[in-house]
Amino acid sequence: MNIIKIKDITKIYGKKTKALDNVNLTIEPNKIHGLLGRNGAGKTTLLNIMTNKILPTNGDVTIGGETVIENDKVLSKILYIMVDSTFPWKIHKVFRRMSEFYPEFDIEYANSLAEKFEINISKDSKGMSTGEASIFRAIVALASNAEILLLDEPVLGVDPNHREMLYKEIIKNYSEKPKTIIISTHLIKEVATVIEEVTIIKNGEIIRNQSVDTLLASAYAISGRAEDVDEYLTNRKYTSIEVIGESKTVIVLEDVKDKDVKLASKLSIQIGDVELQKLCMSLTEN
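Now for a quick tour of the structure. (Residues numbered from 1 in each chain as written. Predicted model: local features only at pLDDT ≥ 70, side-chain atom pairs only at ≥ 80, totals over all residues. Heavy atoms only, no water.)

**Let's talk about the environment of aspartate 84**
Take aspartate 84: it is sitting in the loop between strand E6 (78-81) and helix H3 (91-101). Through-space distance from the C-alpha of aspartate 84 to that of alanine 133 is 8.9 Å; in sequence the pair is 49 residues apart. (Helix = DSSP H or I, 4+ residues; strand = E, 2+ residues; numbered from the N terminus.)

Structure (structure tokens):
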């Protein structure tokens, strides 16, 4: 099984810039994972280390028990096209060239996706808009049939309709041919319906690594008059405070099973679920 283990990874650029700080992470195979965090949190650095594009200052990454460092056998299982990747050919030629590196690359599937997303395969791949380039990179990844796909900001610049179509295609592809998919993004709202596992990174450190369901069960939202909300929050951890007039909304960092329904009712406080995007944003606030 292609379990990805990231052990004690630290990356320091120059003398002072610490992009990753002693990161430890296990990524189970054949699941869709979300690597979430704000820009500059260390997501891309981690992906680059996982694919041997850069070396860590300390630590090691293994896939199926083997290191990724200078290991072509292991790296051949992964397809990672960076957000700024470009190819010096027309799109149809890129598809042909990819089949040379990935023997199971499905050119027919790639062409059908290009038609579905209105991508002209006769077009020069360097002449695409930001949204077209994002879709094109996703098509290459999905058609590769690689065992591990790393999708870095896959919907950058993509219009809402095509974003929804692309995420549906990712789910369809995964359902038909299970694989490990890691989606790295700071655009969380749409990806929330796709990912099963979530890793949140902040300032180079992993602050959460669990299933989406478990993460969402670890917090809830309350709203009401500010003074009543403050009374409810006594001895509770919380974050993300929004105040409008005399009303206050807060995310309580407490298991939903521990919410005090009687107290909330007494104080006329409303209790509700918290969205993944709001929770991630609040947890990564500086």
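Resuming the write-up.
**Re the packing of aromatic side chains**
A full pass over the atoms with the stated rule returns four aromatic pairs. Between phenylalanine 87 and phenylalanine 136, the ring centres sit 5.8 Å apart and the planes meet at 90 degrees, which makes this aromatic pair edge-to-face. Placement of phenylalanine 87 in the loop between E6 and H3 and of phenylalanine 136 in helix H5 (residues 130-144) is noted, with a sequence separation of 49 residues between them. For the pair shown, phenylalanine 87 and phenylalanine 136 are each scored as buried. (Phe/Tyr/Trp six-rings, centres within 6.5 Å; stacked < 30°, edge-to-face > 60°. Buried < 20%, exposed > 50% of the residue type's maximum accessible area, 1.4 Å probe, protein only.)

**What about the sheet that holds strand E8 (residues 180-185)?**
Judged by pairing direction, the sheet is mixed, and its six strands sit side by side in the order E6-E7-E8-E3-E9-E10 without closing on themselves. The strands lining the two open edges of the sheet, one partner per strand, are E6 and strand E10 (205-211). Within this sheet the neighbouring strands show an average axis-to-axis angle of 15 degrees, counted without direction. Of the strand pairs in this sheet, strand E9 (residues 197-202) and E10 are connected by six bridges, and their pairing is antiparallel. Note that in E10 the partner of lysine 202 across the bridge is glutamate 205. (Pairing = 2+ DSSP bridges. Axes fitted to C-alpha atoms, helices over the stretch in contact; angles between N-to-C directions.)

**Regarding the environment of methionine 98**
Its location among the elements puts methionine 98 in helix H3. In sequence terms methionine 98 and glutamate 28 are 70 residues apart; their C-alpha atoms lie 26 Å from each other. When residues no more than four places from it in sequence are discounted, the contact partners of methionine 98 are Leu79, Phe105 and Val140. (Contact = heavy atoms within 4.5 Å.)

**Re the pattern of salt bridges**
According to the stated counting rule, one finds 15 salt bridges in the structure shown. Here arginine 97 ties to glutamate 100 by a salt bridge, and the two come within 3.4 Å at their closest N and O atoms. Of the two residues, arginine 97 and glutamate 100 both sit in helix H3, three residues apart, roughly one turn of that helix. What makes arginine 97 partly exposed here is its relative accessible area of 25%. (Salt bridge = Lys/Arg side-chain N within 4 Å of Asp/Glu carboxyl O.)

**Topic: helix H1 (residues 43-50)**
Think of an α-helix as turning once every 3.6 residues; residues three or four places apart then point the same way. Burial analysis of H1 places seven of its eight residues in the buried class, which makes it a mostly covered element. At the C-terminal side of H1, asparagine 52 shows a positive phi close to 60 degrees.

**Thoughts on the sheet that holds strand E11 (residues 220-225)**
With antiparallel pairing, the four strands of this open sheet are ordered in space as E12-E13-E11-E14. Sheet topology places strand E12 (238-244) and strand E14 (270-272) at the edges, where each strand pairs with a single neighbour. The average angle at which neighbouring strand axes cross in this sheet is 20 degrees, direction not considered. Relative to strand E13 (residues 247-252), E12 runs antiparallel, the two being bridged by five bridges. Pairing of valine 243 across the sheet is with lysine 248, part of E13.

**Quick notes on a nonpolar patch on the surface**
Together, Tyr238, Ile241 and Val243 make up an exposed nonpolar region whose accessible area comes to about 290 Å². By the element assignment, tyrosine 238 lies in strand E12. (Patch = residues over 30% accessible without salt bridge, like charges linked within 9 Å, V, L, I, M, F, W, Y side chains within 5 Å. Areas by Shrake-Rupley, 256 points an atom, 1.4 Å probe, with all protein chains shown as cover.)

**As for the environment of asparagine 120**
Residue placement: asparagine 120 occurs in the loop between helix H4 (107-116) and H5. Along the sequence, asparagine 120 and lysine 90 sit 30 residues apart, while their C-alpha atoms lie 9.4 Å from each other. Within polar-contact distance, the side chain of asparagine 120 engages the backbone nitrogen of serine 122 at 3.0 Å. (Polar contact = N/O pair within 3.5 Å; in protein donor to acceptor, adjacent residues only side chain to side chain.)

None of the figures reported here should be taken as evidence of function without further support.
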